[in-house]
Amino acid sequence: MSIRVSALTKVYGGQKAVDGISFSADKGVLGFLGPNGAGKSTTMKILTGFIPQTSGTAEVCGFDVAKQSLEVRRHIGYLPENNPLYLDMYVKESLGFIAGIHKIASPQKRIDEVIEQTGLRVERHKKIGQLSKGYRQRVGLAQAILHNPDVLILDEPTTGLDPNQLIGIRQLITELGKSKTIILSTHIMQEVEAVCNKVIIINKGKIVADDNLQALKQKNGTSSLEDVFIKLTNENFYS
């Protein structure tokens, strides 16, 4: 398995943001769903080495996130929700900077490939600060996949995209999922149904569902992922 999580817990003050969760993921696209504040982003930040866990373990490609953080970062690509970018850099310049960090061989060839993959060719000579929100998302995704990682963690990757851009990025994520392990966090249920092989739903720091899409619907007696989500995360659903 590319990702193994066991009894993972994160406590902030007296609050458990993540409460003893365990799951695994291999090649394909895993939809990581939950209401705001459920623990999704905290889990993803732990997996990427951005913050430490309080207890439990997490491994990426066989490397422990707490003990082998640098190895984990070599094997992982991360697009955080707030997508921090150097706005004064040109698109190609920023990708060159990231390529240098990862010591990529033949960086210009790889940069050109990723620019084509993410649909940035028309904008490649612009400053990032001049781009629309949708194109900035593409730059963030390009940076995440530039070093060709085995694992991608994408937190709301399609935020700000118009319908045409949305289709293009979904196709890219689906294609990448054939050879990589992808954890995709989103509030857009149609997006999950379009690209995900498996779904995990987290609520109040605990996993309340972990199954493939069809099995989840069958178990909950519905044809709609949205209905499954509401049923499992909304305590007032039946009141």
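Residues numbered from 1 in each chain as written. Predicted model: local features only at pLDDT ≥ 70, side-chain atom pairs only at ≥ 80, totals over all residues. Heavy atoms only, no water.

K.L.:
How do you make sense of the packing of helix α3 (residues 91-101) against helix α4 (residues 107-117) when you look at a structure like this?
P.N.:
For any two helices packed against each other, one specifies the inter-axial angle together with the distance between the axes. Two elements in contact, α3 and α4, have axes separated by 10 Å at closest approach and are oriented at 125°. By the angle between their directions, the pair α3 and α4 is classed as oblique. Between α3 and α4 the crossing geometry is right-handed. Contacts between α3 and α4 involve K92, L95, G96 and A99 from the first element and P107, Q108, I111, D112 and I115 from the second. Here the residues of the contact of α3 with α4 are counted per class, giving 5 nonpolar, 2 polar and 2 charged. (Axes fitted to C-alpha atoms, helices over the stretch in contact; angles between N-to-C directions. Helix = DSSP H or I, 4+ residues; strand = E, 2+ residues; numbered from the N terminus. Parallel < 35°, antiparallel > 145°, perpendicular 65-115°, else oblique. Left-handed = near helix turned anticlockwise from the far one by under 90°. Contact = heavy atoms within 4.5 Å. Nonpolar A, V, L, I, M, F, W, Y, C, P; charged D, E, K, R; others polar.)

K.L.:
Help me understand the environment of I182, please; the structure alone is not making it clear to me.
P.N.:
Tracing the chain through its elements places I182 in strand β8 (residues 181-185). The spatial distance from the C-alpha of I182 to the C-alpha of I76 is 9.7 Å, given a sequence separation of 106 residues.

K.L.:
Would you explain the packing of aromatic side chains in this entry?
P.N.:
Applying the stated rule across the entire model yields 2 aromatic pairs. Judged by centre distance (5.8 Å) and plane angle (35°), the ring pair of F23 and F32 falls under tilted. On the accessibility criterion, F23 (5% relative accessible area) is buried. For F32, a relative accessible area of 1% corresponds to the buried category. Centroid distance Y86 to F97: 5.7 Å. Interplanar angle 85°. Geometry classified as edge-to-face. One end of the pair, Y86, is in the loop between β6 (76-79) and α3; the other, F97, is in helix α3, with 11 residues separating them in the sequence. (Phe/Tyr/Trp six-rings, centres within 6.5 Å; stacked < 30°, edge-to-face > 60°. Buried < 20%, exposed > 50% of the residue type's maximum accessible area, 1.4 Å probe, protein only.)

K.L.:
Help me understand the sheet that holds strand β4 (residues 55-60) in this model?
P.N.:
Strand pairs in the sheet, formed through backbone hydrogen bonds, run parallel or antiparallel to each other. The strand order across the open sheet formed by 4 strands is β2-β1-β4-β5, and the pairing between neighbours is antiparallel. Across the chains shown, the open sheet's two edge strands, defined by having one partner strand only, are β2 (15-25) and β5 (63-64). Relative to β4, strand β1 (residues 3-12) runs antiparallel, the two being bridged by 5 bridges. Opposite S6, over in β4, you have T57 as the bridge partner. Here helix α1 (residues 40-47) sits on the sheet and contacts β1, β2 and β4; the angle it forms with β1, its principal contact strand, is near 120°. (Pairing = 2+ DSSP bridges.)

K.L.:
So what exactly am I meant to see when it comes to the layout of surface pockets here?
P.N.:
By rolling a water-sized probe across the atoms, one finds the places where empty space is left. Of the voids in this model, the largest pocket is the one considered here, and its volume is about 1000 Å³. Forming the walls of the largest pocket are 32 residues, and the residues nearest its centre are R73, I76, Y78, I98 and H102. Every element with two or more residues in the lining of the largest pocket is listed here: α1, α2 (69-74), β6, α3 and α5 (133-145). Looking at the lining of the largest pocket, its residues break down into 15 nonpolar, 11 polar and 6 charged. (1 Å grid on protein atoms, 1.4 Å probe; cavity = no way out; pocket = protein on both sides within 12 Å on 5 of 7 lines; lining within 4 Å. Points joined across faces, edges and corners; volume = space filled by probe spheres on them.)

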